[in-house]
Amino acid sequence: MSDPSLGLVMLGLIVVAIMMGFPTAFTLMGLGMVFGYIAFWIPGQHWYDNRAFDLIVQRAYGVMTNDALLSIPLFVFMGYIMERAALVDKMFHSVQLAFRRVPASLAVTTMLVSAFWGIASGIVGAVVVLMGVIAMGPMLKAGYDVRLAAGTITAGGTLGILIPPSVMLIVYAAVAGQSIVKLYAAAMIPGFFLTGLYLIYILGWAIINPKIAPKLPPDQYRVTVPDYQRGLERGPSRTVVPALVAAAFRPVLARAAGGYRAVAQNLLALSVPLVLTVGTFAGAWWYVVIYNAQPVTEAATAKLTAAAVPFGPAPAAVPKTAAPPAGESSRAEEKPQEVGVAGEVQETEAANPQSGAQEVTSFRPEGASGSIGQVPAHFYQWFWGSAAFCGLLLLWYFWRMNGEQLEILKELIVSVVPLGVLTVVVLVVILFGICTATESAAIGALGALYLAVMARFPKAVWWWSLLGVVVGVALGWYEGEDVASLFVAASIGGTLTGTVIPGLWYLRTSPELRENLKQATFLTAKTTAMVCWLFVGSALFSAVFALHGGQSLIERWVLSMNLSPVGFQFTAQLIIFLLGWPLEWTEIIVIFCPIFIPLLTHFQIDPILFGTMVAVNLQAAFLSPPVAMSAFYLKGVAPKHVTLNQIFAGMMPYMVIVCICLAFMYIWPGMTLWLPEFLYGK
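Residues numbered from 1 in each chain as written. Predicted model: local features only at pLDDT ≥ 70, side-chain atom pairs only at ≥ 80, totals over all residues. Heavy atoms only, no water.

1. Observations regarding the overall build of the protein chain
Put simply, the rule is: Secondary structure counts use DSSP, requiring at least four H or I residues in a row for a helix and at least two E residues in a row for a strand, with both numbered from the N terminus. Note on classification: 1.4 Å probe, protein chains only; a residue is buried when its accessible area is under 20% of the maximum for its type, exposed when over 50%, partly exposed between these limits. In what follows, a contact means two residues having at least one pair of non-hydrogen atoms within 4.5 Å. Each accessible area is a Shrake-Rupley estimate made with a 1.4 Å probe; only the visible protein chains count as cover when residues are assessed.
Tallying secondary structure elements over the protein chain gives 33 helices and zero strands in all. Taken over 682 residues, the protein chain has a buried fraction of 52%. Restricting the contact set of the protein chain to residue pairs at least 6 apart, pairs at least 24 apart contribute 81%. Element-wise, carbon and sulfur atoms account for 69% of the exposed surface of the protein chain, whose accessible area totals about 31100 Å².

Here you go:
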């Protein structure tokens, strides 16, 4: 017995139940089971012969056998390990010193570190709580406005669910049947653009009204400089670089500069920004001009990775209203179709590589179009212009570097560069098609463990890493690998041995290491279980909702409004924005996004663009009262005199900024679609 009105009742009941505080996953499963039993009920049959029980098992098994979901626990474990290793304290201090003369320097530092740490961990609650403990006190002590301090922490902490690697995008990819890597590429530019808008707002407010962010007294950002570095400073700008370079060739200067060891350490620190800049431009040149511009061959096409999000039928398949099952034959013909959410892959779909979502790599699939195999227009002008600008910037930076700035640079190298390199590696291997999202998540988890062990036992980690590099290169050399493969073997060998052997050895003698690993593992299991049960519940709910004809009813209602594509986009995003006030992002993605996704084909809207806009829009779900989880996270660690109303007032301007970012994405779709089209074609 199916009826579209029952589908609408399901939708209304789930919203009411969630707002009353019932667990989302089990509420979805409960409603799906009850209304599914009603849909499959036949008068006279025994209660346990109802096919709803078969549907429950089918949906649960489909989620359990989905390999793509492995990336969620690995990314979550990566975040919790780095959060428990307490790496952010040093980062905050060093970044604060680097921006000490910028207006609202503490707020700017908080936003940058929150965004960076959010990208690395992707866990909003952990980032907001951690930054609340580290940054809230110093900002209030310095006389910062409570609204500025609270808004900066809460808004910065949410960026981790937008900028890859993001669990939110993985969930949307599963729901919409889209490629995870394409969504990651699409979210990169909008994510950093939104971060830039946040920083412009902070700086603008501080410049217009300096009272909200008083300048710090000099004693709070003074850096201790060794005496020998003071002796190396020359000229009006007190630069130390020429003297350090000269000390490398003149023994008298080397002895005055603390010996050759100190000179080598300082020169090595000076080379880091140069190496990072040259490496970035060299990598961009290699990918665009050498690798990407090669003709696409059949061998390269054959390397296209199989579907990484095998979540069932393509979202374009819209189920029609199901007729009431009248008997066994009619039941055998009926297939309750799930709207946008994962189900098992049908055999016919598995035979067709175009059905379902695919995790694409940088190798071009047949029929793909776009800029793959072509150097973008004006690339050389932009490349050499940017290279010249960065070169002049580095020259000016080194020319004016005094002893204090050199010490700050060394602190930045120790606290920021390792985590930054890990994050970049995780993103690059995904975006360039070297690894799937799951494999990249495994790399990130191993790298996070490596940094956590190194933070406690650096000497042992360095020696075992060196041994692992030697073994990796030797094995690669024995197998006759090329230079690139030898580099990969050395990296994997050094990271693996530098993590596993010292980690296991000191695990029995270090209570802190044991406790951090235990807590990270427990929290990862808890978060992963929540996400997986949410998928099971949403799969069952969506299948029953489609079986009753609720999706078809909503589709006919939307089409009857004769909306234009822009009108549909505006209406859908407005509904999602309003739903962000009472609901969290998980409920919105797994319950309401499947309602809009089947309609995208009719309005000729790219699902990648729509999903990225949803991800930006859902920033409001963490910043909008009354269910603004970021506010409650911060309230739990803020001083007692900081009220929820003050936190809410500080978050409101950032909601407006989210709307401004969405407007830019409407007006300029290329900001979202250019990078995935360049990397993977149309």
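2. Observations regarding helix H9 (residues 167–176)
Here is the rule: Polar contacts, as used here, are pairs of N or O atoms within 3.5 Å; protein pairs need one atom able to donate a hydrogen and one able to accept it. Residues neighboring in sequence count only if both atoms are side-chain atoms.
For H9, a buried count of ten out of ten residues is recorded, marking the element as mostly surrounded by other parts of the structure. All of the buried residues in H9 are Val 167, Met 168, Leu 169, Ile 170, Val 171, Tyr 172, Ala 173, Ala 174, Val 175 and Ala 176. Where the residues of H9 are buried, they touch helix H4 (71–84), helix H10 (180–208), helix H24 (511–548), helix H27 (585–596) and helix H29 (607–617). Two or three places before Met 168, at the opening of H9, Ser 166 has a side-chain oxygen 3.2 Å from that residue's backbone nitrogen. Positive phi shows up at Gly 177, right after H9, with a value of about 70°.

3. A closer look at the packing of helix H3 (residues 52–64) against H24
The test is simple: Axes here refer to lines fitted to C-alpha atoms; in helices the fit is confined to the stretch in contact. Angles between the N-to-C directions go from 0 to 180 degrees. Just so you know how the angles are binned, under 35 degrees is roughly parallel, over 145 roughly antiparallel, 65 to 115 roughly perpendicular, and the rest oblique. The hand of a helix crossing depends on one turn: near helix anticlockwise from the far one by less than a right angle means left-handed, and clockwise means right-handed. Under the scheme applied here, ten amino acids are nonpolar (Ala, Val, Leu, Ile, Met, Phe, Trp, Tyr, Cys and Pro), four are charged (Asp, Glu, Lys and Arg), and all others, including Gly, are polar.
Two elements in contact, H3 and H24, have axes whose closest approach is 9 Å; the angle formed by their N-to-C orientations is 135°. Overall, the two elements H3 and H24 adopt an arrangement that is oblique. The two elements H3 and H24 cross, and the hand of that crossing is right-handed. Between H3 and H24, the residues in contact are Leu 55, Ile 56, Arg 59, Ala 60 and Val 63 and Cys 532, Phe 535, Val 536, Ala 539, Leu 540, Ala 543 and Val 544, respectively. Of the residues that constitute the contact of H3 with H24, the class distribution is eleven nonpolar, no polar and one charged.

4. Quick notes on the side chain of Thr 110
Assignment of secondary structure puts Thr 110 in helix H6 (residues 105–121). What Thr 110 contacts, discounting residues up to four positions off in sequence, is Phe 92, Met 131, Ala 135, Met 139, Thr 152 and Ile 153.

5. Points about the packing of H10 against H29
Between H10 and H29, the least distance of the axes is 9 Å, while the angle of their chain directions is 50°. It follows from the interaxial angle that H10 and H29 lie oblique. Considering the relative orientation of H10 and H29, their crossing is right-handed. Facing H10, whose interface residues are Lys 182, Leu 183, Ala 186, Ala 187 and Pro 190, H29 presents Ile 608, Thr 612 and Val 616. Broken down by class, the residue content of the contact of H10 with H29 amounts to six nonpolar, one polar and one charged.

6. Points about the packing of aromatic side chains
To describe a pair of aromatic rings, you give the distance between the ring centres and the angle between the ring planes. Note the threshold: Any Phe, Tyr or Trp ring, taking Trp's six-membered ring, that has another such ring centre within 6.5 Å forms a pair; planes under 30 degrees apart are called stacked, those over 60 apart edge-to-face, and the others tilted.
Under the criterion given, the structure shown has 22 aromatic pairs. Consider the rings of Phe 379 and Phe 383, whose centres lie 5.6 Å apart with planes at 35°: the pair is tilted. With a gap of four residues between them, Phe 379 and Phe 383 both fall in helix H18 (residues 379–399), about one helical turn apart. Taking the relative accessible area as the measure of exposure, Phe 379 reaches 14% and is therefore buried. Using a relative accessible area of 10% as the deciding quantity, one classes Phe 383 as buried. Taken together, the ring pairs in this structure connect Phe 281, Trp 285, Phe 379, Tyr 380, Phe 383 and Trp 384 into an aromatic cluster.

7. Comments concerning the nonpolar core
Proteins that are soluble and globular tend to have nonpolar side chains buried together. As a reminder of what qualifies: Nonpolar cores are built from buried Ala, Val, Leu, Ile, Met, Phe, Trp, Tyr and Cys residues. Side-chain atoms within 4.5 Å join them into one set.
Counting residues in each nonpolar core, the largest one holds 187 residues, and the members touching the most others are Trp 117, Tyr 144, Tyr 198, Ile 589, Ile 591, Phe 610 and Leu 618. Of the residues forming this core, the biggest block, 14 residues, is contributed by H10. Not counting the four nearest positions on each side in its chain, Phe 610 is found in contact with Tyr 172, Gln 569, Ala 572, Gln 573, Ile 576, Phe 596, Leu 600 and Ile 605. Val 240, Ala 243, Leu 409 and Ile 413 belong to the second-largest nonpolar core, a separate cluster that totals 14 residues.

8. Regarding the environment of Met 530
On the secondary structure map, Met 530 appears in helix H24. When the C-alpha positions of Met 530 and Pro 23 are compared, they lie 9.8 Å apart, and in sequence the two are 507 residues distant.

9. Brief notes about the side chain of Thr 154
As for its placement among the helices and strands, Thr 154 is situated in helix H8 (residues 146–158). The exposure class assigned to Thr 154 is buried, which follows from its relative accessible area of 0%.

10. Re unusual backbone geometry
The phi dihedral of Asn 562 is positive, around 55°, even though this residue is not glycine. Structurally, the position occupied by Asn 562 is in the loop between helix H25 (550–560) and helix H26 (565–579). A relative accessible area of 68% places Asn 562 in the exposed class. The phi dihedral of Gln 604 is positive, around 55°, even though this residue is not glycine.

11. Description of the environment of Val 536
Turning to its location among the elements, Val 536 is positioned in helix H24. A C-alpha to C-alpha distance of 8.5 Å links Val 536 and Ile 56, two positions 480 residues apart in sequence. Dropping the residues within four chain positions of it, Val 536 is found in contact with Met 29, Ala 60 and Val 63.

12. Here's the deal with a nonpolar patch on the surface
So the rule is basically this: Exposure above 30% relative accessible area and no salt bridge define the residues that can form patches, which grow by joining like charges within 9 Å and nonpolar side chains of Val, Leu, Ile, Met, Phe, Trp and Tyr within 5 Å. Salt-bridge detection follows one rule: a side-chain nitrogen of Lys or Arg within 4 Å of a carboxyl oxygen of Asp or Glu.
On the surface, Trp 464, Leu 467, Val 471, Leu 475, Phe 487, Val 488, Ile 492, Leu 496, Val 500, Ile 501 and Leu 504 cluster together into a nonpolar patch covering about 1000 Å² of accessible area. Listed by contribution, the elements that provide at least two residues to the nonpolar patch are helix H22 (458–478) and helix H23 (483–507). Here the nonpolar patch gets seven residues from one element, more than from any other, and that element is H23. Mapping Leu 467 onto the fold places it in helix H22.

13. Things to note about the pattern of salt bridges
Using the criterion set out here, one finds four salt bridges in the structure. Residue Arg 456 is joined to Glu 512 by a salt bridge in which the shortest nitrogen-to-oxygen separation is 3.1 Å. Residue Arg 456 is located in helix H21 (residues 437–456), and its partner Glu 512 is located in helix H24; the two are separated by 56 residues in the primary sequence. Judged by relative accessible area, which is 40%, Glu 512 ranks as partly exposed.

14. Side note on H27
Rule in force here: Take the residue count of a helix, subtract one, and multiply by 1.5 Å to get its expected span.
For H27, spanning twelve residues, the distance from its first C-alpha to its last is 15 Å, which sits close to the expected 16 Å at 1.5 Å a residue. Counted residue by residue, H27 has twelve buried out of twelve residues, so it is predominantly covered. Those residues of H27 not exposed but buried are Trp 585, Thr 586, Glu 587, Ile 588, Ile 589, Val 590, Ile 591, Phe 592, Cys 593, Pro 594, Ile 595 and Phe 596.

15. A few points about the confidence of the model for the protein chain
The cut-off we apply is this: Scored from 0 to 100, pLDDT reflects the predictor's confidence in each residue.
Per-residue confidence for the protein chain averages 79 on the pLDDT scale, and 86% of its residues sit at or above 70. Below a pLDDT of 50 lies the segment residues 295–367, which in the model reaches 155 contacts outside its immediate sequence neighbourhood of four places, other chains included.

16. Observations concerning the state of the cysteines
For the record, the criterion: For this text, the term disulfide refers to a pair of cysteine sulfurs within 2.5 Å.
Taken as a whole, this structure holds zero disulfides when the rule is applied. The thiol of Cys 661 is not disulfide-bonded; the next cysteine sulfur, from Cys 659, is found 9.9 Å away.

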